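# Tertiary structure, described
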Amino acid sequence: MGTTTSDPCTGQAAPAAVRGRHPGSATLRILAALLDYPGSALRRHLAELPGLLAADAVLAAPRRAQLGRLLDLLSQGDPLDAETAYVELFDRGRATSLHLFEHVHGDSRDRGPAMIDLGETYARAGLLLREDELPDYLPAVLEFVSTQPPREARSFLGEIAHLLAAIHGALVQRGSAQAAPYAQAYAAVFAALLELAGHPVPDVPAPHAATPAEPGLDESWTEPAAFDGCSNLGQARAGQPQPIRIVRAGPAHAGGASQGAKP
């Protein structure tokens, strides 16, 4: 690796970028960059990343080779295809959302306080987020983890390992004909994160051709239109028979209507 190789985030020469940090720090920053939107800023540095990963030497060679497939897709494929696949994979389904609190809190009231707490944690570490970036966005989380000593970084990754494994499995299982190669390649990033966390990468069965596409985040929370007939949106067992309980009408109360059938 020559001295002209640079860190995609700092522009420093590779030896300084890697050796001046905790082991694994550079790898975490690279994985964070790979999970961000694949724009021109990332593409300019793709050729440098294999050397940085090898210099950090915290991932096994087979795992780095898996990441190489993603680097090849991003560097050699059509940029528009890469951007379209990224949006389809990470912005149009809850199961593969890169916002971790989406998996933990959904749209509950607990999500707001959790965001504030995590943002304050970043601020204490001197990490400033972009204006359009939420604290639970996985690339931002990994940037923070990269600033921690190895033991703390491994422990933090261990705390979110179940989320990483779930997203990994969802990526293996989903993807249209166009996005499928990217889904498998991005799954390698999550496999690498699980390896850094000291957790096994779960075996995921191959996707079935008939697997229906997951509804988008907005669609999954859309309420049915009023007076639009029956709908199973929001039912706990949608698509299954729903029980109806008939209650016998009681005697009429003075000045009031009698009780009718109740569901």
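The coordinates are above.
Below is a short write-up of the structure. As the structure is a computational prediction, the values presented were derived from the model and not from experiment. (Residues numbered from 1 in each chain as written. Predicted model: local features only at pLDDT ≥ 70, side-chain atom pairs only at ≥ 80, totals over all residues. Heavy atoms only, no water.)

### Details of the pattern of salt bridges
Counted under the stated rule, the structure contains four salt bridges. The residue Glu 195 makes a salt bridge to Arg 63 at a minimum N-O spacing of 2.9 Å. Within this pair, whereas Glu 195 is found in helix α12 (residues 180-197), its partner Arg 63 is found in helix α5 (residues 61-76), the two being separated by 132 residues in sequence. Classification of Glu 195 by relative accessible area gives partly exposed; the value is 24%. (Salt bridge = Lys/Arg side-chain N within 4 Å of Asp/Glu carboxyl O. Helix = DSSP H or I, 4+ residues; strand = E, 2+ residues; numbered from the N terminus. Buried < 20%, exposed > 50% of the residue type's maximum accessible area, 1.4 Å probe, protein only.)

### Description of the side chain of Glu 102
Tracing the backbone through its elements, the reader meets Glu 102 in helix α7 (residues 100-104). Only 2.8 Å separates the side chain of Glu 102 from the side chain of Arg 94, close enough to count as a polar contact. (Polar contact = N/O pair within 3.5 Å; in protein donor to acceptor, adjacent residues only side chain to side chain.)

### Quick notes on unusual backbone geometry
Backbone geometry at Ala 57 places phi at a positive 55 degrees, although glycine is not the residue there. Topologically, Ala 57 is positioned in the loop between α4 (49-56) and α5. Using a relative accessible area of 55% as the deciding quantity, one classes Ala 57 as exposed.

### Considering the packing of aromatic side chains
Tallied over the full model, the rule gives six aromatic pairs. Each ring, one from Tyr 37 and one from Tyr 86, has its centre 5.7 Å from the other, and the planes form 90 degrees; the classification is edge-to-face. Taken as a pair, Tyr 37 in the loop between α2 (25-34) and α3 (40-43) and Tyr 86 in helix α6 (residues 79-90) lie far apart in primary sequence, 49 residues in all. Ring geometry for Tyr 86 and Tyr 186: centres 6.1 Å apart, planes at 65 degrees, overall edge-to-face. Here Tyr 186 lies in helix α12 and Tyr 86 lies in helix α6, a separation of 100 residues in the sequence. The rings of Tyr 37, Tyr 86, Phe 90 and Tyr 186 are connected pair by pair, giving a single aromatic cluster. (Phe/Tyr/Trp six-rings, centres within 6.5 Å; stacked < 30°, edge-to-face > 60°.)

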